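# Coordinates in review
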Amino acid sequence: MLYPFVPADRLDAAVLGDLGALLAARGGFDLAFTHCGNFPGVHYLAPAADGAARLNALTAAVAARWPEHPPYGGRFEEVVPHLTVAYHDDPGPVAADLAPHLPLAARAEAVRLLVHDGARWVRRADFPLCGGSSPRVRTP
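In this report, we go over the structure that sits alongside the text. (Residues numbered from 1 in each chain as written. Predicted model: local features only at pLDDT ≥ 70, side-chain atom pairs only at ≥ 80, totals over all residues. Heavy atoms only, no water.)

Take the nonpolar core next. Judged by nonpolar contacts, the single largest core of 28 residues is most densely connected at Phe5, Leu23 and Val62. Elements represented by at least two residues in this core include exactly α1 (13-24), β1 (29-39), α2 (49-65), β5 (110-116) and β6 (121-128). Beyond its immediate chain neighbours, meaning those up to four positions away, Phe5 contacts Leu11, Val15, Leu19, Val62, Trp66, His69 and Leu113. (Core = buried A, V, L, I, M, F, W, Y, C linked by side-chain atoms within 4.5 Å. Buried < 20%, exposed > 50% of the residue type's maximum accessible area, 1.4 Å probe, protein only. Helix = DSSP H or I, 4+ residues; strand = E, 2+ residues; numbered from the N terminus. Contact = heavy atoms within 4.5 Å.)

Mapped onto the elements, Thr84 comes out in strand β3 (residues 83-87). Classification of Thr84 as partly exposed rests on a relative accessible area of 33%. Once the C-alpha coordinates of Thr84 and Gly74 are considered, the two residues, 10 residues apart in sequence, prove to be 19 Å apart. Side chain to side chain, Thr84 and His82 meet in a polar contact 3.4 Å long. (Polar contact = N/O pair within 3.5 Å; in protein donor to acceptor, adjacent residues only side chain to side chain.)

Along the chain, Thr59 falls in helix α2. Setting aside its immediate chain neighbours within four residues, Thr59 contacts Met1, Pro71 and Val79.

Below, the discussion takes up the pairing of β1. Sheet topology places β1 next to strand β4 (residues 104-108); five bridges connect them, and they run antiparallel. Pairing of Ala32 across the sheet is with Ala105, part of β4. Bridge count between β1 and strand β2 (residues 42-47): six bridges; the pairing is antiparallel. Looking at β2, one finds that Phe39 is bridged to Val42. Hairpin geometry of β1 and β2 is characterised by an intervening segment of two residues between the two adjacent antiparallel strands and by a positive phi of about 75° at Gly41. (Pairing = 2+ DSSP bridges.)

The analysis is restricted to geometry; functional conclusions fall outside its scope.
Here's what the structure looks like:
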């Protein structure tokens, strides 16, 4: 929902608790990835408008709580919700492989917090989208 986020060494119980409460207040939702898109060197699946709006609302809520960490470091005026599928300079083969499988339906029921350990991304915690019920943060 937000990159970059609070550095891993500053993810204390207060930050995790605040994030869990913020996300728990929002309910899960269905979304469909309907088309392929690309940024320079990045290929992604894009959600339909209703799912994009829900994802943008989550990003805006997290960014409002941690304004010192704007989406993408403030580099882009518009945040484009997407699911990155490949890093490659030529979008043709990626889109051709994915297009026959679209739309791809999904249900967003949680937000996963990943941290970089210097070599790879690892799961730090999962935050359920509970629609107002008590959050139960799950850590590996």
